[in-house]
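Reading the structure
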Amino acid sequence: MSLNETHDAGLRSWVASANTGASDFPIQNLPYAVFRRAGSQEAWRGGVAIGDQVLDLARASALKALGDAVQPQLEAASQQRLNGFMAMGPAAWSALRLALSRALREGAAAQDALKDCLVPQAEVEYAVPAQVGDYTDFYTSVHHATNVGKLFRPDNPLMENYKWVPIGYHGRASSLRVSGVDFRRPMGQLKAPDAAAPALKPCARLDYELEMGIYTGAGNAWGEAIPMDEAENHIFGLCLLNDWSARDIQAWEYQPLGPFLSKNFATTVSPWIVTLEALEPYRTAFTRPAADPQPLPYLSSAANSERGAFDVQLSVALETGRMRAEGQAAQQITHTSYRHAYWTMAQLVAHHSVNGCDLQPGDLLGTGTLSGPTSSEAGALLELTEGGKKPVALANGESRTFLQDGDAVILRGWCEKPGAARIGFGECRATVLPARQG
């Protein structure tokens, strides 16, 4: 990937809402989702965000509005899941992006054909945009790992392997849900320190985790590793991801094989996938402290060192039931950046496949909780409250150690810098419902 005409900060769209400078979805972004009109029985189909509208790719495909050269890509991107388009690879993705950019610019000849393909985002609902065959969650923030480790191992917060190998575990793809789908507080076995036996109860220490999700594109053959220099060719794009966590269930169950019921009840993803090409202006160098172990050769490349990290700004806001009832805005409680991750997305792909594991189009990799170096950049309540010892004070007089029923968590992500257009990810939201009884 490299900078090209689609990244020009001066580009403007004939869709006026894309030109405000504050929209997540200017013409320099063009992320993908799967949508239909809210409450309808319409077929799910692919769409592209432009301003406050969704460009209906199924309708555009039927009209052949973008020309014969990209018609195969347009047809693939218009389906009810994006896996087929993801499998086509970077050259095909880039060609469709260029065609969309040119067709949506001010003065484009395609305006008359495409204006009837727009659907207001306020009138649609979304689905998880790909059929996710496998979901893997990593642990890429050294700040998060250190902060959590201090709670349980004050003298040795990081395990010996952390700085050598990207730590991850396989999650549950079937419980992935798109932003806006609420979920019930999970049940599980809990054991108090002074109890003689565990009991089945609702989770009392429910937490969020601020993450990014990485959708894979073209896969690799079983038994064949993806080398670092080719890893990004297998990444379609990024979303926001909240890997909800039941901390008290986790404490009882995680030894010796790791998380199970504490993690598999719900994972929320934002509907829009921002492509790797759209993020090109926001690359930054990947560096390690000189005193730390440097990545092994299979996890290292010159390109990754020079430009393998991405400066994506990330925030968490909390909307309590009381805030909602009183018409108050959600309160931001965290702001950090993806650039602080200890491992890059290319390293995750290379490591995931080094043993011959075959990634498939639409597989999802979670970064793990993304925390920054300061206390205000913690990506989970477990960190912010130091294990529940220091409640987070909210402006309306409420406080939280862990999430209560009725709480909504809203993740947001965006990129901005001088000389480049601001682009964003939309929001990733869900509300905690009471545990199911009986």
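Model, not experiment: these values are computed from the prediction. Within each chain, residue numbers correspond to sequence positions counted from 1 in written order. In view of the model being predicted, local features appear only for residues whose pLDDT reaches at least 70, and side-chain atom pairs are presented and counted only at 80 or more, with totals across whole chains, interfaces and linings using the full set of residues. Side-chain measures here rest on the full set of heavy atoms in the structure, leaving out hydrogens and waters.

Quick word on the pairing of strand β1 (residues 32-37)
Only protein chains enter the accessibility calculation, which uses a 1.4 Å probe; a residue is then buried when its area is under 20% of its type maximum, exposed when over 50%, and partly exposed in between. Every helix listed is a DSSP run of H or I at least four residues long, and every strand listed is a run of E at least two residues long, numbered separately from the N terminus. Of all 6 residues that make up β1, 5 are buried, and the element is covered over most of its length. Following DSSP output, two strands are said to pair if at least two bridges run between them. Two strands pair when backbone bridges link them, and β1 and strand β5 (residues 124-127) are joined in this way by 4 bridges, in the antiparallel orientation. Its bridge partner being in β5, Arg37 is matched across the sheet by Val124.

Focus: the UniProt feature "domain: Fumarylacetoacetase-like C-terminal" (unreviewed entry) in the chain
Within the UniProt annotation, "domain: Fumarylacetoacetase-like C-terminal" (unreviewed entry) is assigned to residues 136-432. Between the end C-alpha atoms of residues 136-432 the distance is 23 Å, and the span holds 15% helix and 29% strand. UniProt positions are given in the numbering used here, feature names are shortened, and annotations may be inferred rather than shown by experiment.

Focus: a nonpolar patch on the surface
On the surface, a cluster of nonpolar side chains totalling about 340 Å² of accessible area is made up of Trp164, Leu296, Tyr298 and Val354. In this structure, Trp164 sits in the loop between α6 (142-152) and β7 (168-170). Only residues above 30% relative accessible area that lack a salt bridge enter a patch, with like-charged residues linked at up to 9 Å and the nonpolar side chains Val, Leu, Ile, Met, Phe, Trp and Tyr linked at up to 5 Å. Per-residue and other accessible areas follow the Shrake-Rupley method at a 1.4 Å probe size, with only the shown protein chains counted as cover for residues. Any carboxyl oxygen of Asp or Glu within 4 Å of a side-chain nitrogen of Lys or Arg constitutes a salt bridge here.

Thoughts on the UniProt feature "binding site: substrate" (unreviewed entry) in the chain
The feature "binding site: substrate" (unreviewed entry), as given by UniProt, occupies Tyr139, Arg153, Gln250, Tyr254 and Thr369 in the numbering adopted here. Of the annotated set, the members that line the largest pocket are Tyr139, Arg153, Gln250, Tyr254 and Thr369. Setting aside residues up to four positions removed in sequence, Gln250 forms contacts with Pro259, Ser262 and Lys263. When you line up the elements, Thr369 lands in the loop between β22 (364-366) and α12 (381-384). Beyond its immediate chain neighbours, meaning those up to four positions away, Thr369 contacts Ser141, His144, Glu209, Leu210, Glu211, Gly379, Ala380 and Glu383. Buriedness for pockets is judged along seven lines, at least five of which must meet protein on both sides within 12 Å for an open set on the 1 Å grid over protein atoms alone, while cavities are sets there where a 1.4 Å probe fits but cannot get out, and lining residues have an atom within 4 Å of a point. Should any heavy atoms of two residues lie within 4.5 Å, those residues are counted as being in contact.

Quick word on the domain arrangement of the chain
For the chain, the domain assignment lists domain 1 (5-127) and domain 2 (135-433). Throughout the structure description, domain borders are defined by an automatic or database domain assignment. Once you take the C-alpha centre of each, domain 1 and domain 2 turn out to be 28 Å apart. On the domain 2 side, the residues contacting the 30 residues of domain 1 number 27 residues. The term buried area refers to how much accessible surface (probe radius 1.4 Å) is lost by two components on association, counted for both of them together. For the pair domain 1 and domain 2, the summed buried surface comes to about 2300 Å²; carbon and sulfur atoms form 66% of the total. At the junction of domain 1 with domain 2, the criterion picks out 1 salt bridge. The salt bridge partner of Asp24 is Arg422, with a shortest N-O separation of 2.7 Å.

Observations regarding the sheet that holds strand β9 (residues 183-184)
In sheet architecture, strand pairing relies on hydrogen bonds along the backbone and comes in two forms, parallel and antiparallel. In spatial order, the strands read β9-β26-β25-β20-β21; together these 5 strands make up an open sheet with mixed pairing. If you trace the sheet from one side to the other, it starts and ends with β9 and β21 (331-337), each paired once. Bridge count between β9 and strand β26 (residues 423-433): 2 bridges; the pairing is parallel. From the neighbouring strand, Arg184 faces β26, where its bridge partner is Leu433.

What about the pattern of salt bridges?
Summed over the entire model, instances satisfying the criterion amount to 27 salt bridges. Residue Glu280 pairs with Arg307 through a salt bridge whose shortest N-O separation is 2.0 Å. With Glu280 in the loop between β17 (274-275) and β18 (283-284) and Arg307 in helix α9 (residues 302-307), this pair connects stretches of sequence that are 27 residues apart. Given the relative accessible area of 29%, Arg307 is considered partly exposed.

Structural notes on the layout of surface pockets
Grid points are joined across faces, edges and corners, and a volume is the space filled by probe spheres set on the points. Here the largest pocket is characterised by a volume of approximately 1200 Å³. Lining the largest pocket we find 42 residues, and of these Tyr139, Val148, Phe152, Gln250 and Tyr254 sit closest to its centre. Listed by contribution, the elements that provide at least two residues to the lining of the largest pocket are β6 (135-138), α6, β7 and α8 (247-253). Element by element, the count of residues in the lining of the largest pocket is highest for α6, at 6 residues. Looking at the lining of the largest pocket residue by residue, the classes come out as 22 nonpolar, 10 polar and 10 charged. Of the voids in this model, the second largest pocket is the one considered here, and its volume is about 350 Å³. As for the second largest pocket, its lining consists of 17 residues, and the residues nearest its centre are Asn147, Ser375, Ala378, Glu383 and Glu386. Any residue that is not Ala, Val, Leu, Ile, Met, Phe, Trp, Tyr, Cys, Pro, Asp, Glu, Lys or Arg is counted as polar, Gly included; the first ten are nonpolar and the last four charged.

Overview of the side chain of Gln28
Among the structural elements, Gln28 can be located in the segment before β1. Discounting chain neighbours no more than four positions away, the residues touching Gln28 are Thr6, His7, Asp8, Ala9, Gly10, Leu11, Arg97, Ala278, Ala421 and Ile423.

Remarks on empty space enclosed by the protein
Within this structure, the stated rule accounts for 2 cavities of 30 Å³ or more. There is about 60 Å³ of room inside the largest cavity. Contributing to the lining of the largest cavity are Met1, Leu30, Tyr32, Trp93, Arg97, Phe236, Thr275, Leu276 and Glu277. Here the residues of the lining of the largest cavity sort into 6 nonpolar, 1 polar and 2 charged.

Notes on helix α11 (residues 345-353)
Counting buried residues in α11 gives 9 out of 9 residues, a clear majority hidden from the surface. Buried residues of α11: Met345, Ala346, Gln347, Leu348, Val349, Ala350, His351, His352 and Ser353, and no others.

Topic: the pairing of strand β3 (residues 53-56)
Going residue by residue along β3, you find Gln53 and Leu55 tucked away on one face and Val54 and Asp56 tucked away on the opposite face as well. Note that strand β2 (residues 45-50) and β3 share 4 bridges and pair antiparallel. In the sheet register, Val48 faces β3, and the bridge partner there is Leu55. As paired elements, β3 and strand β4 (residues 118-120) share 3 bridges and run antiparallel to each other. Across the sheet, residue Val54 finds its bridge partner in β4, namely Val119.

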